[in-house]
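What follows is each chain in one-letter form.
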Amino acid sequence: MLDNLTQRLAKVMKTLRGEARLTEENIADALREVRMALLEADVALPVVKEFIAAVKEKALGEEVIASLTPGQALVGVVHGELTRLMGAAHEGLNLATQPPAVVLMAGLQGAGKTTTVGKLGKYLKENLKKKVLVVSCDVYRPAAIQQLQTVAEQAGVEFFPSTTAEKPEAIALAAVDWARRHYCDVVLVDTAGRLAVDAAMMAEIKALHGALNPIETLFVVDAMLGQDAVNTARAFNETLPLTGVVLTKLDGDARGGAALSVRHVTGKPIKFSGVGEKLSGLEAFHPERMASRILGMGDVLSLIEEAKKGLDEEKAMAFAKKLKSGKGFDLNDFKEQIGQMRKMGGMAALMDKMPAQIAQAAGQLPAGTEDKMIRRVEGIINSMTPAERAKPELIKASRKRRIAMGAGVQVQEVNRLLNQFEQTQKMMKQFTKGGIGKLMRGMKGMLPGMGR
Amino acid sequence: MFGFLKKKGGEAVSPPADPAATTETPEQSLSWRERLFGGLARTRAQLGGKLKTIFSRGKVDDELLEELETLLLTSDVGLEATQHLLDALKARAKKDKLETPEAIQEALSQALAELLAPLEQPLSVDGHQPYVIMIAGVNGAGKTTSIGKLAKYFQSQGKSVLLAAGDTFRAAAREQLMTWGERNNVTVIAQDGGDPAAVVFDAISAAKARSIDVVLADTAGRLPTQLHLMEEIAKVRRVIQKADASAPHEVLLVLDANIGQNALAQVKAFDKSIHVTGLVLTKLDGTAKGGVIAAIARQCPKPIRFIGVGEGIDDLRPFVARDFVDAIFA
Ligand SMILES: Nc1nc2c(ncn2[C@@H]2O[C@H](COP(=O)(O)OP(=O)(O)OP(=O)(O)O)[C@@H](O)[C@H]2O)c(=O)[nH]1
Ligand SMILES: Nc1nc2c(ncn2[C@@H]2O[C@H](COP(=O)(O)OP(=O)(O)OP(=O)(O)O)[C@@H](O)[C@H]2O)c(=O)[nH]1
Ligand SMILES: [Mg+2]
Ligand SMILES: [Mg+2]
């Protein structure tokens, strides 16, 4: 029932093969599938509608690269757009202020605020060597203060005691004062869970914010939230000048469409993911991964992970920079990329991780041929002079013959490689924003074409 | 029903969140319907009085169907159940020649009520002593709070109650339950750290010794992806059975109404490991409508025993399908 998007699209794709451009007609069915996938993932309906409209506009007229189907090309557009909407990669906490930097937590009941305070405390202490004080302004929930105290002990950070007889504002101000006098770098202020429609409680946290003037105001949301996430997020965003979002319970199997809803409504960066109950369960937020997850493309996720493992970090960075600058992608890079693929265990292993249908649709090749092909391509490039690799347009008929001889292949193969390279160059431009995952997918779509 | 709708419709266009109007009335005298509808009226206001536009159109067309579809989808009813309900509606509209938007909407709410009616099965704790109720659910769903409310509910029916602090993992989970024990003036059986199954076993033995009517066993929140924790809770269930062969008499899964389609997966996963016999749907005092129970009714029906409508000790009500449906269409 919960078909992932790629499976859904694989069905539609079949009917789309062989068309050169994305048109209103050939993507209509696919877009309907995208809409359903997003709704199944709990993206709020108004957000889904806007998203689909945006994707449609982006996709129309898009050229479909030779060996991709329009469906695959559309997945590319959808995934890219979703990643873009999820925001830039990790934005850490902003602590650039006269210490102590005050961080205020806000959110619905049971979202994970208190736990997240503990996680952030541990992270700030251990990774950034900060002196951290935590304080609970939750005078309502039974044993909430005790919970934070225990969590603070686990995190190894300072705990500022409070009682349910006090007012949240007085507690927080006293804590900040204490922190100032004891040279704390950061004060994390936990608050009670509240409903957006609870006017009194919303007024309370607004006043608390006013009194504290925190540098960070984090909205903590449960990744499992449904359609109402838009209403809640809007209300919190209107009451408080939020600076960021923490998405919790991502260790579950919810598709997490709420992430998109919240991001869309607040426009604020999702700064961290909660991935466990333990205090070590905090991670930087990965927009690309979240996009894959919402689309139900878990396999792509592990592919990306794998890709990252295999890639030499520095080289990847340099490469990414090159791509971003939009110039200078030459045959050296092409070879480099292929080498990286080899490191990752070759195409065969990569293809295994692709969502089944896409792999099938894209790679109608006998098993094992891809790896041979990679070696052949490498051989051809190795036969070129450095000048030829840097400026492929130098390679005319006579040079082609020499290269073919050197690599022990037919001239046609050299031609094919050069064509593929040109296509890749084009694709690079298109995929520049999409990051590694998309790159890999693009390449995978490209390589089987070598056989044709 | 339409009189009611009109009245609420009028409220819906007034500015959102009129705090004076809500705080004047003493909290506890508000019926859950009023609480439910209070929250919902505010959503409607935010949405610009959705149903008003449905009614003002005055004719039945695709747009009306789309608006009703939107209403269901934005209530977390989910794609499959929404499609099912709209199909049922279309069939009925044809058969009964429904011609006004009001008739169409009423037919839809009826279809939803019919879908949910089988889930309306109140919980009776007669027939076993002690009647052992195990409470489970994902993190932060409202398990411990619901136990606090249930203790009051059963006591008000003249039953004696004992609580078991089976969450030995989360920080201050035990202290939280202790507070609920104090509020209800009932015993809480707890251990320092230790094994959840052992705590629950102790509690059942104590309840037997003291002729207690109802045992409410809290458990730690867990996500179904944490397989070892799903195994752990299955063990708690087995140990309960060892303490009393007929127990547990009820296995309640607590669902947060704010949660979307994942609630379905939760019901399936917990059912698989501990055989769920009833649901509690919490946090309905917010703007979330908990429509996912329609999907649950379609795919893995379980009786909904109670709904939670606030953080207070009295904010628990038996589930009434018709009221729930009215709240969605309010
Ligand atoms: N699996 C998992 N559980 C989490 C995560 N974050 C928090 N939790 C759990 O979620 C439950 C609620 O967390 P709390 O930190 O108490 O939430 P809160 O927002 O402070 O709750 P209130 O103060 O009652 O509003 C607890 O059982 C936590 O252990 C997470 O990232 N993953
Ligand atoms: N508004 C509202 N809040 C609720 C309701 N039920 C529970 N809560 C709140 O939700 C939060 C979590 O409730 P708990 O009872 O601690 O949830 P839990 O399932 O025991 O959580 P863990 O044991 O951490 O998994 C608390 O802040 C409760 O006050 C409800 O019906 N309405
Ligand atoms: Mg808390
Ligand atoms: Mg609990």
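The structure displayed is predicted, hence computed values, not measured ones.

Caption draft 1: Quick look at the overall build of chain B. The helix and strand inventory of chain B stands at 14 helices and 8 strands. Taking all 330 residues of chain B together, 52% fall into the buried category.

Caption draft 2: Local environment of unusual backbone geometry. The omega angle of the peptide bond from Pro99(A) to Pro100(A) is 5 degrees, so this bond is cis rather than trans. On the secondary structure map, Pro100(A) appears in the loop between α4 (70-86) and β1 (101-107). In the segment running from Ala247(B) into Pro248(B), the intervening peptide bond is cis, with an omega of -5 degrees. Mapped onto the elements of the fold, Pro248(B) is located in the loop between α11 (227-243) and β5 (250-256).

Caption draft 3: Region of interest: the interface of chain B and chain A. Facing the 40 residues of chain B at the interface are 34 residues of chain A. Of all the secondary structure elements, the ones that give two or more residues to the side of chain B that touches chain A are α2 (19-24), α3 (32-47), α5 (62-73), α6 (79-96), α9 (173-184) and α12 (262-274) of chain B. A per-class count over the side of chain B that touches chain A returns 14 nonpolar, 19 polar and 7 charged.

Caption draft 4: Structural context of the domain arrangement of chain B. All names here are of chain B. On domain assignment, one finds that chain B holds domain 1 (2-119) and domain 2 (131-329). At the interface, 28 residues of domain 1 touch 32 residues of domain 2. Looking at the side of domain 1 that touches domain 2, the elements with two or more residues in it are α3, α6 and α7 (101-116). For the side of domain 1 that touches domain 2, the leading source of residues is α3, giving 9 residues. For the side of domain 1 that touches domain 2, a count of residues per class yields 14 nonpolar, 8 polar and 6 charged.

Caption draft 5: Inspection of the site of ligand 1 at higher detail. Taken together, 27 residues lie around ligand 1, and Gly112(A), Gly193(A), Gly274(A), Asn139(B) and Gly140(B) are the ones closest in. Bordering ligand 1 are residues originating from chains A and B. The element that contributes the greatest number of residues to the shell around ligand 1 is helix α5 (residues 113-128) of chain A, accounting for 3 residues. Along the lines of polarity and charge, the residues of the shell around ligand 1 split into 6 nonpolar, 14 polar and 7 charged.

Caption draft 6: Structural context of the site of ligand 2. Neighbouring ligand 2 are 27 residues, the closest being Gln109(A), Gly142(B), Thr145(B), Gly221(B) and Gly308(B). At 3 residues, helix α8 (residues 143-156) of chain B tops the list of elements feeding residues into the shell around ligand 2. Taken together, the residues of the shell around ligand 2 sort by class into 6 nonpolar, 13 polar and 8 charged.

Caption draft 7: Spotlight on the domain arrangement of chain A. All names here are of chain A. For chain A, the assigned domains read domain 1 (5-86), domain 2 (101-285) and domain 3 (298-451). Each partner contributes to the interface: domain 1 provides 11 residues, whereas domain 2 provides 15 residues. When contributions to the side of domain 1 that touches domain 2 are tallied by element, the ones reaching two or more residues are α2 (24-40), α3 (45-59) and α4. If you tally residues by element for the side of domain 1 that touches domain 2, the top one is α3, at 3 residues. Residues of the side of domain 1 that touches domain 2, tallied by class, amount to 9 nonpolar, no polar and 2 charged.

Caption draft 8: Molecular detail of the sheet that holds strand β5 (residues 216-222) of chain A. All names here are of chain A. As summarised here, the arrangement of the 8 strands in space is β3-β2-β4-β1-β5-β6-β7-β8, forming an open sheet in which the pairing is mixed. Looking at the sheet topology across the chains shown, the edges are occupied by β3 (158-160) and β8 (282-284). Averaged over all pairs of adjacent strands, the angle between strand axes in this sheet comes to 25 degrees, irrespective of strand direction. Bridge count between strand β2 (residues 132-136) and strand β4 (residues 186-190): 5 bridges; the pairing is parallel. Bridged to Val134 within β4 is Leu188. Each of β2, β3 and β4 touches helix α6 (residues 144-155); the most contacted strand, β2, lies at about 165 degrees to it. Helix α8 (residues 199-212) rests against β1, β4 and β5 of the sheet, and its axis sits at about 170 degrees to β1.

Caption draft 9: Spotlight on the nonpolar core. Judged by nonpolar contacts, the single largest core of 201 residues is most densely connected at Val134(A), Val187(A), Val189(A), Leu163(B), Val215(B) and Leu216(B). Among all residues touching Val134(A), those that are not within four sequence positions of it are Val117(A), Gly121(A), Leu148(A), Ala152(A), Val157(A), Phe159(A), Phe160(A), Leu188(A) and Asp190(A). Core analysis: the next-biggest nonpolar cluster, separate from the first, contains 10 residues, Ile380(A), Ile381(A), Met384(A) and Phe421(A) among them.

Caption draft 10: Here's a closer look at the sheet that holds strand β2 (residues 161-164) of chain B. Residues and elements named next belong to chain B. Spatial strand order, β3-β2-β4-β1-β5-β6-β7-β8: 8 strands in an open sheet with mixed pairing. Of all the strands in the sheet, the pair left with one neighbour each is β3 (187-189) and β8 (316-318). In this sheet, adjacent strand axes meet at a mean angle of 25 degrees when their direction is disregarded.

Caption draft 11: Structural context of the environment of Ala217(B). All names here are of chain B. With respect to the helices and strands, the residue Ala217 is situated in strand β4 (residues 214-217). Residues Ala217 and Asp314 lie 97 residues apart in sequence; the distance between their C-alpha atoms is 19 Å. Those residues in contact with Ala217 that sit more than four places away from it in its chain are Val132, Ile133, Met134, Ile135, Ala164, Gly166, Val200 and Ala203.

Caption draft 12: Structural detail: the environment of Pro130(B). Residues and elements named next belong to chain B. Among the secondary structure elements, Pro130 is positioned in the loop between α7 and β1 (131-137). In this structure, the C-alpha to C-alpha distance between Pro130 and Val214, residues 84 residues apart in sequence, is 5.2 Å. Once residues within four sequence positions are removed from consideration, Pro130 is found in contact with Ile204, Ala207, Lys208, Ile212, Asp213, Val214 and Val215.

Calculation notes
Here the residue numbering is sequential within each chain, running from 1 through the sequence in written order. Numbering of ligands from 1 and lettering of chains from A proceed in the order in which they are written. Residues qualify for local features only when their pLDDT is at least 70, as the model is predicted, and side-chain atom pairs are given and counted only at 80 or more; totals for whole chains, interfaces and linings, by contrast, use all residues. For the purposes of this entry, the term helix denotes a DSSP run of H or I that reaches at least four residues, the term strand denotes a run of E that reaches at least two, and both are numbered from the N terminus. Three exposure classes are used, all based on how many other C-beta atoms lie within 10 Å of a residue's own C-beta (placed from the backbone): buried at 20 or more, exposed at 12 or fewer, and partly exposed between those limits. Each residue is represented by a C-beta atom placed from its backbone, and any two residues with such atoms within 7 Å are regarded as in contact. Ten residues, namely Ala, Val, Leu, Ile, Met, Phe, Trp, Tyr, Cys and Pro, are considered nonpolar, four, namely Asp, Glu, Lys and Arg, are considered charged, and the remaining ones, Gly among them, are considered polar. Each domain span listed reflects an automatic or database assignment of domains. Any residue whose C-beta atom, as placed from the backbone, lies within 6 Å of a molecule or strand is termed near it. Two strands form a pair only when DSSP identifies at least two bridges running between them. Orientation is described by lines fitted to C-alpha atoms, with helices fitted over the stretch in contact, and by angles between N-to-C directions that extend from 0 to 180 degrees. Nonpolar cores are built from buried Ala, Val, Leu, Ile, Met, Phe, Trp, Tyr and Cys residues. These are joined into a set through C-beta atoms within 7 Å.

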